Amino acid sequence: MLFTQCSIVRGKWGDCELRMAGDGSQEADNAEAIISRIEQKSQKIETLLKQSKPVEALKMALEGSPPNTKDERCKSANWIAVHRALMAVRDVDGMLAYLDPEYYDILMKYLYRGLSTGDRPTCEQCLKIHEKLTDKAGPGCILRSLADTVNTV
Amino acid sequence: MANTLRLYLTCIRNTMEAAMCLQNFPCQEVERHNKPEVELKTSPELLMNPVLICRNEAEKCLVETSINSLRVSIKVKQSDELENILTKKFLRFLSMRAEAFQVLRRKPVQGYDISFLFTNYHCEDMHKHKLIDFVMQFMEDIDKEISELKLSVNTRGHLVATEFLKQFI
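Below is a short write-up of the structure. (Residues numbered from 1 in each chain as written. Chains lettered and ligands numbered in written order. Predicted model: local features only at pLDDT ≥ 70, side-chain atom pairs only at ≥ 80, totals over all residues. Heavy atoms only, no water.)

Side-chain positions along a regular strand alternate between the two faces of the sheet. Residue and element names in this part refer to chain B. Within strand E3 (residues 69-75), 6 of the 7 residues are buried, leaving the element largely enclosed by the surrounding structure. As judged from the 6 bridges shared by strand E2 (residues 60-65) and E3, these two strands associate in the antiparallel manner. Across the sheet, the residue bridging to Lys 60 is Lys 75, located in E3. Hairpin remark: E2 followed by E3, antiparallel, with 3 residues in the connecting loop. As defined by bridge partners, E3 adjoins strand E4 (residues 114-119) across 6 bridges and the pair is classed as antiparallel. Considered in E4, the bridge of Val 72 is made with Phe 116. (Buried < 20%, exposed > 50% of the residue type's maximum accessible area, 1.4 Å probe, protein only. Helix = DSSP H or I, 4+ residues; strand = E, 2+ residues; numbered from the N terminus. Pairing = 2+ DSSP bridges.)

Turning to the packing of helix H5 (residues 104-115) of chain A against helix H7 (residues 139-147) of chain A, a few remarks are in order. Residue and element names in this part refer to chain A. Packing of H5 against H7 brings their axes to within 9 Å, and their N-to-C directions diverge by 65°. Taken together, the axis directions place H5 and H7 in an arrangement best described as roughly perpendicular. Pair H5 / H7 crosses with right-handed handedness. Of H7, the residues touching H5 (which contributes Tyr 104, Asp 105, Met 108, Lys 109 and Tyr 112) are Cys 141, Ile 142, Arg 144 and Ser 145. In terms of residue class, the contact of H5 with H7 is built from 5 nonpolar, 1 polar and 3 charged. (Axes fitted to C-alpha atoms, helices over the stretch in contact; angles between N-to-C directions. Parallel < 35°, antiparallel > 145°, perpendicular 65-115°, else oblique. Left-handed = near helix turned anticlockwise from the far one by under 90°. Contact = heavy atoms within 4.5 Å. Nonpolar A, V, L, I, M, F, W, Y, C, P; charged D, E, K, R; others polar.)

The pairing of strands in a sheet comes from backbone hydrogen bonds and takes either a parallel or an antiparallel form. Residues and elements named next belong to chain B. Across the sheet, which stays open at both edges, the 4 strands sit in the order E1-E2-E3-E4 with antiparallel pairing between neighbours. In the strand order of this sheet, the two ends are held by strand E1 (51-54) and E4, each with one partner. Direction aside, neighbouring strands of the sheet carry axes that sit 15° apart on average. Bridge analysis of E1 against E2 gives 4 bridges, and the strand direction is antiparallel. Residue pairing in the sheet places Ile 53 in a bridge with Cys 61 of E2. Strands E3 and E4 of the sheet are contacted by helix H6 (residues 128-166), whose axis makes an angle of about 175° with E4.

Taken together, the side chains of Phe 164, Leu 165 and Phe 168 of chain B make up a nonpolar region of the molecular surface, amounting to roughly 360 Å² of accessible area. Relative to the elements of secondary structure, Phe 168 of chain B occurs in the segment after H6. (Patch = residues over 30% accessible without salt bridge, like charges linked within 9 Å, V, L, I, M, F, W, Y side chains within 5 Å. Areas by Shrake-Rupley, 256 points an atom, 1.4 Å probe, with all protein chains shown as cover. Salt bridge = Lys/Arg side-chain N within 4 Å of Asp/Glu carboxyl O.)

Let's shift gears to helix H2 (residues 54-63) of chain A. In terms of burial, H2 of chain A is largely enclosed, as 7 of its 10 residues are buried. Along H2 of chain A, the residues that are buried comprise Pro 54, Val 55, Ala 57, Leu 58, Lys 59, Ala 61 and Leu 62 of chain A.

Before going further, it helps to examine the pattern of salt bridges. All names here are of chain B. As enumerated under the stated definition, the model contains 18 salt bridges over all chains in all. For Lys 150, the salt bridge goes to Glu 83, with nearest N and O atoms at 3.4 Å. In this pair, Lys 150 is assigned in helix H6 and Glu 83 in helix H3 (residues 81-96), connecting sequence segments 67 residues apart. Glu 83 carries the same exposure label as Lys 150, and that label is buried. In this structure, a network of salt bridges that share partners links the residues Glu 39, Lys 41, Glu 64, Arg 71 and Arg 105.

Our focus in this paragraph is the packing of aromatic side chains. With the rule as written, the count across this model stands at 7 aromatic pairs over all chains. On the numbers, 6.2 Å between centres and 10° between planes, the contact of Trp 79 of chain A with Tyr 110 of chain A is stacked. Of this pair, Trp 79 of chain A sits in helix H3 (residues 72-88) while Tyr 110 of chain A is found in helix H5, placing the two residues 31 residues apart along the sequence. Since its relative accessible area comes to 2%, Tyr 110 of chain A is described here as buried. Ring centres of Phe 164 of chain B and Phe 168 of chain B lie 5.7 Å apart, and the angle between their planes is 75°; on these two criteria the pair is classed as edge-to-face. Look at Phe 168 of chain B and you get exposed, because its relative accessible area is 58%. An aromatic cluster is defined as three or more aromatic residues linked by ring pairs; in this entry it consists of Phe 101, Phe 116, Phe 118, Phe 134 and Phe 138 of chain B. (Phe/Tyr/Trp six-rings, centres within 6.5 Å; stacked < 30°, edge-to-face > 60°.)

Set out below in structure tokens:
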């Protein structure tokens, strides 16, 4: 992706936001690019799930999360992929042991998104994983997912 | 069934423990005023992401937090019409006496049955873990209370109907 004109803006608490001084169509292109990337990713996830490797599938789904887009379609597309992988996970402890700590925060954000859906099997699965993840990652993980209003899923 | 209840309550407890980090913050717009920011929602930088925790389609809990206040809204399970009426009346009874509870909100948030509002002053006066225990205890007891009420209403109705219809035998 080429940035024609960028500026680094310091936010209120010193965190940086990369602002693109392009027109709206550039953002739309990026959204399309991201969505096609997510679609390729979900095909790979499907093959991994068919091979009964839900943990690798989940890791792949969390990897390319696009937190900086404002576009709802990208977020929904990625959420669907993560949801597929989450529902296929049976062994939660093993999954958390396999996952790197850097993915805990993103996983927590997706768990809360799953909990807000209200769909019974999703909520049961998300509640199970939430308890284990809190034991492993601590309340700081929850607080980061609450406080981060910039990168939402 | 009981397992999801335990998981649901654990999730809410963990979320509240993380979210209940409140500090005094005077109002930015009006001088010498101190308002719970989660109620007013005037400045987005003071608010955190609201979190909705659903156990199933009927029961859910909304946790909204800000710099000086935390609002927890609960929707209780209501299986039939009678439980609907009983829950509404019982929780309205409690909400009207909100001053005795201190942390209760007088009116529940739209779409929920009951709401709690915690401010930094509550956290200064009372222990944080005790406040969370209070909410957890409340949620556990509310189901028992509603089923007891339902049982007593049904028993009373049964008795009254039997007595009344005896005269027609």
